[in-house]
Amino acid sequence: MDFALGAEAGAVFDMARAFGQDRIAPHAQAWEEAGEIPKELWPELAELGFGGLYVSEEAGGSGLSRLEATLVFEALSMACPSVAAFLSIHNMCARMLDDFAAPALKDSLLPGALSMQTVLSYCLTEPGSGSDAAALKTRAECTGTGWKLTGSKAFISGGGYSDGYVVMARSGGAGPKGVSAFYVPADTPGLSFGGLERKMGWKSQPTRAVQFDGCEIPAENLIGEEGQGFTYAMKGLDGGRLNISACSLGAAQAALDATLEYMRDRRAFGQSLTDFQALQFRLADLEIELQAARVFLRQAAWKLDQRAPDATKHCAMAKKFVTEAGSRIVNQCLQLHGGYGYLADYGIEKLVRDLRVHEILEGTNEIMRLIVARSLVSK
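We now turn to the structure provided with this report.

About the criteria used
- Residues numbered from 1 in each chain as written.
- Predicted model: local features only at pLDDT ≥ 70, side-chain atom pairs only at ≥ 80, totals over all residues.
- Heavy atoms only, no water.
- Helix = DSSP H or I, 4+ residues; strand = E, 2+ residues; numbered from the N terminus.
- Rg over C-alpha atoms; globule rule 2.2 N^0.38 Å.
- Buried < 20%, exposed > 50% of the residue type's maximum accessible area, 1.4 Å probe, protein only.
- Contact = heavy atoms within 4.5 Å.
- Salt bridge = Lys/Arg side-chain N within 4 Å of Asp/Glu carboxyl O.
- Phe/Tyr/Trp six-rings, centres within 6.5 Å; stacked < 30°, edge-to-face > 60°.
- Lys NZ or Arg CZ within 6 Å of the ring centre and 35° of its normal.
- Patch = residues over 30% accessible without salt bridge, like charges linked within 9 Å, V, L, I, M, F, W, Y side chains within 5 Å.
- Areas by Shrake-Rupley, 256 points an atom, 1.4 Å probe, with all protein chains shown as cover.
- Pairing = 2+ DSSP bridges.
- Axes fitted to C-alpha atoms, helices over the stretch in contact; angles between N-to-C directions.
- Nonpolar A, V, L, I, M, F, W, Y, C, P; charged D, E, K, R; others polar.
- Left-handed = near helix turned anticlockwise from the far one by under 90°.
- Polar contact = N/O pair within 3.5 Å; in protein donor to acceptor, adjacent residues only side chain to side chain.

What about the overall build of the protein chain?
Then step 1. Assigned secondary structure in the protein chain consists of 11 helices and 10 strands.
Then step 2. Taken over the C-alpha trace, the protein chain has a radius of gyration of 21 Å; the compact-globule value for 379 residues is 21 Å, and the two agree within 12%.
Then step 3. The dimensions of the protein chain, computed from C-alpha atoms along their principal axes, are 80 × 50 × 40 Å.
Then step 4. In the protein chain, which comprises 379 residues, the share counted as buried stands at 54%.
Then step 5. Counting contacts in the protein chain only where the partners sit at least 6 residues apart, residues at least 24 apart contribute 73% of the total.

A short note on the pattern of salt bridges
Then step 1. Under the defined criterion, the tally for this structure stands at 14 salt bridges.
Then step 2. Linking R298 and E74 is a salt bridge whose minimum nitrogen-to-oxygen distance equals 3.2 Å. Of this pair, R298 sits in helix α8 (residues 277-305) while E74 sits in helix α4 (residues 66-77), and the two are 224 residues apart along the sequence.
Then step 3. In this structure E74 comes out as buried when scored by relative accessible area, which is 2%.
Then step 4. Close ionic contact of E324 with K320 constitutes a salt bridge, the shortest N to O distance being 3.0 Å. Here E324 and its partner K320 are both found in helix α9 (residues 311-336), four residues apart, which amounts to about one turn of the helix.
Then step 5. The partly exposed category is assigned to K320, whose relative accessible area is 26%.
Then step 6. Counted as one network, the salt bridges with shared partners bring together E32, E349 and R353.

Examining the packing of aromatic side chains
Then step 1. Counted by the stated rule, this structure contains nine aromatic pairs.
Then step 2. A centroid spacing of 5.7 Å and a plane angle of 85° characterise the contact between F86 and Y161, whose relative ring orientation is edge-to-face. With a gap of 75 residues between them, F86 in helix α5 (residues 81-100) and Y161 in the loop between β3 (146-157) and β4 (164-170) connect regions that are remote in the sequence.
Then step 3. Aromatic pair Y165 and F193: ring centres 5.7 Å apart, planes at 40°, arrangement tilted. Of the two residues, Y165 sits in strand β4 while F193 sits in strand β6 (residues 191-193), which places them 28 residues apart along the sequence.
Then step 4. An aromatic cluster is defined as three or more aromatic residues linked by ring pairs; in this entry it consists of W42, F86 and Y161.
Then step 5. Against the face of Y161 rests K39, its NZ or CZ located 5.1 Å from the ring centre.
Then step 6. Stacked on the ring of Y54, the Lys or Arg R66 has its end atom at 3.6 Å from the ring centre.

A closer look at a nonpolar patch on the surface
Then step 1. A grouping of Y340, L343 and Y346 is seen on the molecular surface, where their side chains present a nonpolar patch of about 270 Å² in accessible area.
Then step 2. As for its position among the elements, L343 is in the loop between α9 and α10 (348-356).
Then step 3. Given the relative accessible area of 42%, L343 is considered partly exposed.

Let's talk about the pairing of strand β1 (residues 120-123)
Then step 1. Here β1 shows no split at all, with L120 and Y122 on one side and S121 and C123 on the other all buried.
Then step 2. Pairing geometry for β1 and β4, over four bridges, is parallel. Residue pairing for β4: Y122 is matched across the bridge by V166.

What to know about the packing of α4 against α8
Then step 1. Put simply, α4 and α8 touch, their axes get as near as 8 Å, and they point 140° apart. Here R66, L67, T70, L71 and E74 of α4 come into contact with α8, specifically with R294, R298, A301, L304 and D305.
Then step 2. Along the lines of polarity and charge, the residues of the contact of α4 with α8 split into four nonpolar, one polar and five charged.

As for unusual backbone geometry
Then step 1. In the Ramachandran plot, M116 falls in the positive-phi region, its phi being about 60° despite a non-glycine side chain.
Then step 2. Along the polypeptide, M116 turns up in the loop between α6 (103-115) and β1.

Regarding the packing of α4 against helix α7 (residues 229-265)
Then step 1. Relative to each other, α4 and α7 sit at 35°, their axes nearing to 7 Å. For the crossing formed where α4 meets α7, the hand is right-handed. In this structure, α4 uses R66, T70, F73, E74 and S77 to contact α7, whose residues at the interface are G239, G240, L242, N243, A246, C247, L249, G250 and A251.

Quick word on the environment of K39
Then step 1. Looking at the element boundaries, K39 is found in the loop between α2 (28-34) and α3 (41-47).
Then step 2. Put simply, K39 and D163 are 124 residues apart on the chain and 11 Å apart in space, counted from C-alpha to C-alpha.
Then step 3. Discounting residues that sit within four places of it in the chain, K39 has contacts with Y161, S162 and D163.
Then step 4. Of note is the side chain of K39, whose polar atom sits 2.7 Å from the backbone oxygen of Y161.

Now the structure itself:
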């Protein structure tokens with residue numbers, strides 16, 4: 001068993017890390033204060049192939065493995081997990097279009113998505129259906145010439161900011177078999193957005209409710225087959241869980257690196273903080289947990305790439321373990337900074353806030369435990 005990254009994977013990581021440190025890290029705090037990521041950033045990322053990380057090469061994407069894609073999100077999150085996580089959402093939508101959209105819809109939408117001239121958001125969650133996503137109520141009525149959407153979505157990253165929305169709506173009866181997937185352009189009449197949500201973290205991502213008031217879209221904007229939308233959505237979540245775990249991992253690594261640098265320079269009682277054995281042990285514990293999380297995540301990504309029968313379970317386990325480990329690590333890094341860790345200028349408190357939501361989205365960590373438990377007791 002070889003745990004080393006290949007030369008190509010290492011180059012992908014290095015390229016993403018260099019871009020993040022050059023183009024994202026110096027601006028992350030300002031973008032958080034502004035509440036928006038400049039749209040000019042996305043085409044720059046797209047030039048590196050990051051607009052369609054795991055879109056097939058035949059469709060113009062980068063065709064990376066899920067393991068290689070996690071390296072991109074880990075590296076970019078060392079600069080800002082909020083920016084990296086938004087890129088993950090866009091990539092989830094692009095992959096869904098590549099996998100399931102009819103050829104004409106793919107030809108129409110993918111070029112803009114891959115160049116990131118068209119930024120995409122993912123609309124599944126509703127005010128009354130979070131973890132119970134199959135209970136969604138947004139309706140899609142067939143008009144004979146197209147579809148009319150009515151309802152609302154909640155907690156949508158990029159609401160009112162993105163150029164297009166991949167929307168799960170109920171075109172049939174109750175339950176998952178009644179859900180279909182649709183593409184809704186941002187300029188569709190009847191599409192509107194709620195007020196900007198005030199959040200604990202991910203503040204550079206504009207988040208709003210997305211509302212559909214009789215939005216009419218052409219028939220060809222149905223993604224894939226009618227009644228398969230929930231299946232498509234769930235297929236995307238395994239990879240999404242790996243991506244958000246990678247975002248936690250990268251942020252935790254950045255926090256630990258910053259903490260080591262701070263502790264080497266900071267002196268107390270005539271010594272550097274790194275000279276105190278008690279603090280050395282705390283650093284050792286953080287490094288052990290971080291490396292365990294990294295191995296767990298990469299194993300789960302490898303299983304998804306290999307289409308292993310237990311891949312979904314391993315993605316769920318990795319999501320729970322890595323996101324919780326990331327939160328513990330950045331919180332301890334704040335503690336080791338003392339009062340300075342509480343100040344925005346040091347960047348640690350932002351990571352504490354940004355990572356907290358990782359335990360909630362892409363399926364709460366309670367749902368991850370449910371997935372694992374069901375896989376155990378069903379045997």
